[in-house]
Amino acid sequence: MGIVFDIQKFCVYDGPGIRTLVFLKGCMMRCPWCHNPESLHPEPELSCDFSKCVSCGSCAAACPVQAHHITEDGQHKIDFQKCIACGKCVQECPVGCLKIFGREMTARQVMDGVVKDRKYFASSGGGVTFTGGEPTFQFPFLMELLTAAKDEQLHVCLETNGVIPHDRLQQLAPMADLFLLDYKATGEAHRSLTGIPEERVLETLAELNRMGKPVILRCPVIQGINDNEEHFAAIRTLRKQYACIRDAEIMAYHSSGLHKWKSLGVDYTLEKLKSASPEMKKEWEARIHVE
């Protein structure tokens, strides 16, 4: 049993062909630009699209812990720390502005939904991609999913931040056909931005190379934060150093995650940062592929 916060079908950007993406909750990194903040904490949690709220008070009446409050001037306030994610407010909300991110599922329940698209996988060379959050955060559940996917003879991609203990990597590597490995920053900047030293990621990359596992390096680039020559040069060096790297992709910053942070009641430090332009992304791509 594990906590899944989303399953997306007919995706084409997270591995080859048409894919189903399974998002697992929980992550050990805290990247300030994260566009899936609902993935960070391992437990189910409440979100509210305040732009839809009509301040009717139905949620406050239903909440057993008084996490909801309608002020005298009609503002809806939520004490997210009090919330126990029971979902009673979600059931009573007449406009659908409330949602619980994360639900318990068995590996079999997940795979029963995934295999419904087997014909699309077969015709396109696709399969299933396990992502998050960080899927290895729920390691026992991830191993159940990987085993079930291989039993179904599906192509498996694993998107990971690379913070995987050696013994766990030895167990899961044979079960994954392709690793989508995040490389978020270079040197000390990696620790300051994510809370985890860069060495943890590079150790995983070196081990995947030793095992001959194919890797696509995924590189989030955020203007003013890690769009510097030191980082681009490091990406170029990694591509040359490790034969396992099939390609490197730029994941240009997009502000689409802003509304999610607000819906979870969390301050977003990059609130004023605009999405990277197509021209900016094209320039970054050229800088990591220059010989």
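Refer to the preceding data block for the structure.
Along each chain, residue indices are assigned from 1 in the same order as the chain's sequence is written. Local features in a predicted model are, by the rule used here, given only for residues with pLDDT of at least 70; side-chain atom pairs are given and counted only at 80 or more, and totals for whole chains, interfaces and linings are based on all residues. Derived side-chain values reflect all non-hydrogen atoms in the structure, with water molecules and hydrogen atoms excluded from consideration.

Focus on the environment of valine 114
Then, number 1: Here valine 114 is to be found in helix 3 (residues 107-114).
Then, number 2: In sequence terms valine 114 and leucine 154 are 40 residues apart; their C-alpha atoms lie 9.7 Å from each other.
Then, number 3: We call two residues contacting when some pair of their heavy atoms lies within 4.5 Å. Setting aside its immediate chain neighbours within four residues, valine 114 contacts Lys9, Thr20, Val22, Phe121, Val128 and Leu154. Put simply, DSSP marks the helices as runs of H or I at least four residues long and the strands as runs of E at least two long, and each gets a number from the N terminus on.

Re the pairing of strand 3 (residues 45-48)
Then, number 1: What you see with strand 3 is no split at all: Glu45 and Ser47 on one side and Leu46 and Cys48 on the other are buried throughout.
Then, number 2: At least two DSSP bridges between two strands are required for those strands to pair. Inspection of the sheet shows strand 3 paired to strand 6 (residues 98-101) by four bridges, in the antiparallel sense. Among the inter-strand pairings, serine 47 is bridged to a residue of strand 6, identified as lysine 99. Think of it in three bands: with a 1.4 Å probe and only protein chains considered, a residue is buried below 20% of the maximum accessible area for its type, exposed above 50%, and partly exposed in between.

Examining the nonpolar core
Then, number 1: Residues belong to one nonpolar core when they are buried, are Ala, Val, Leu, Ile, Met, Phe, Trp, Tyr or Cys, and are joined through side-chain atoms within 4.5 Å. Core analysis: the biggest nonpolar cluster contains 67 residues, and Phe130, Leu172, Phe179 and Leu217 have the highest contact counts within it.
Then, number 2: The greatest single-element share of this core, amounting to eight residues, is contributed by helix 5 (residues 139-151).
Then, number 3: Here leucine 217 is in contact with Leu181, Tyr183, Ile235, Leu238, Ile245, Asp247, Ala248 and Glu249, once residues within four sequence places are set aside.

Quick notes on the environment of proline 214
Then, number 1: With respect to the element layout, proline 214 can be found in the loop between helix 8 (198-211) and strand 11 (215-221).
Then, number 2: Linking proline 214 and alanine 176, residues 38 residues apart in sequence, is a C-alpha distance of 9.4 Å.
Then, number 3: In contact with proline 214, other than residues within four places in its own chain, are Asp177, Leu178, Phe179, Cys244 and Arg246.

Description of the sheet that holds strand 7 (residues 103-105)
Then, number 1: Taken in spatial order, the eight strands of this open sheet run 7-1-2-8-9-10-11-12, and their pairing is mixed. The open sheet is flanked by strand 7 and strand 12 (245-252), the only strands paired with a single partner. For this sheet, the mean angle separating the axes of adjacent strands, direction not counted, is 30°.
Then, number 2: In this sheet, strand 12 lies alongside strand 11 in parallel orientation, the contact comprising seven bridges. Comment: axis = line fitted to C-alpha atoms, over the contacting stretch for helices; angle = value between 0 and 180 degrees taken between N-to-C directions.

Some details on the side chain of glutamate 159
Then, number 1: Inspection of the secondary structure assignment puts glutamate 159 in strand 9 (residues 155-160).
Then, number 2: Looking at glutamate 159, the relative accessible area reads 13%, which means it is buried.

Quick look at the side chain of threonine 129
Then, number 1: Among the secondary structure elements, threonine 129 is positioned in strand 8 (residues 127-131).
Then, number 2: Not counting residues within four places of it along the chain, the set of residues in contact with threonine 129 comprises Asp14, Arg19, Thr20, Leu21, Val22, Cys157 and Leu180.

Some words on the layout of surface pockets
Then, number 1: In this analysis, the protein atoms alone were mapped onto a 1 Å grid. Cavities are point sets where a 1.4 Å probe fits without being able to get out; pockets are open sets with protein on both sides within 12 Å along at least five of seven lines; lining residues have an atom within 4 Å of a point. Grid points are joined across faces, edges and corners, and a volume is the space filled by probe spheres set on the points. Taken as a whole, the largest pocket holds about 1300 Å³ of empty space.
Then, number 2: Lining the largest pocket are 49 residues; nearest its centre among them are Asp14, His35, Glu159, Arg218 and Met251.
Then, number 3: Listing elements by their share of the lining of the largest pocket, those giving two or more residues are strand 1 (2-11), strand 2 (19-24), strand 6, strand 9, strand 11, strand 12 and helix 11 (278-289).
Then, number 4: With six residues, the top contributor of residues to the lining of the largest pocket is strand 12.
Then, number 5: Residues are grouped as follows: Ala, Val, Leu, Ile, Met, Phe, Trp, Tyr, Cys and Pro are nonpolar; Asp, Glu, Lys and Arg are charged; every other residue, Gly included, is polar. Along the lines of polarity and charge, the residues of the lining of the largest pocket split into 22 nonpolar, 13 polar and 14 charged.

Focus: the pattern of salt bridges
Side-chain pairing between opposite charges can occur once the charged atoms of the two side chains come close.
Then, number 1: For this analysis, a salt bridge means a side-chain nitrogen from Lys or Arg found within 4 Å of a carboxyl oxygen belonging to Asp or Glu. A full pass over the atoms with the stated rule returns 17 salt bridges.
Then, number 2: The residue lysine 9 makes a salt bridge to aspartate 117 at a minimum N-O spacing of 2.8 Å. Of the two residues, lysine 9 sits in strand 1 while aspartate 117 sits in the loop between helix 3 and helix 4 (118-124), which places them 108 residues apart along the sequence.
Then, number 3: We classify lysine 9 as partly exposed; its relative accessible area is 36%.
Then, number 4: Residue arginine 287 is joined to glutamate 229 by a salt bridge in which the shortest nitrogen-to-oxygen separation is 3.1 Å. Separated by 58 residues along the polypeptide, arginine 287 in helix 11 and glutamate 229 in helix 9 (residues 229-241) bring together distant segments of the chain.

A short note on the packing of aromatic side chains
Then, number 1: Aromatic pairing here means that ring centres of Phe, Tyr or Trp (its six-membered ring) are within 6.5 Å. Orientation follows from the plane angle: under 30 degrees is stacked, over 60 is edge-to-face, and everything else is tilted. The tally for this structure, following the rule as stated, stands at three aromatic pairs.
Then, number 2: Between phenylalanine 5 and phenylalanine 23, the ring centres sit 5.4 Å apart and the planes meet at 55°, which makes this aromatic pair tilted. On the criterion of sequence distance, the pair formed by phenylalanine 5 in strand 1 and phenylalanine 23 in strand 2 is long-range, its members being 18 residues apart.
Then, number 3: You can call phenylalanine 5 buried: its relative accessible area is 8%.
Then, number 4: A ring pair is formed by phenylalanine 10 and tyrosine 120, whose centres lie 4.9 Å apart and whose planes are at 70°; its orientation type is edge-to-face. Highlighted residues: phenylalanine 10 in strand 1 and tyrosine 120 in helix 4, separated in sequence by 110 residues.

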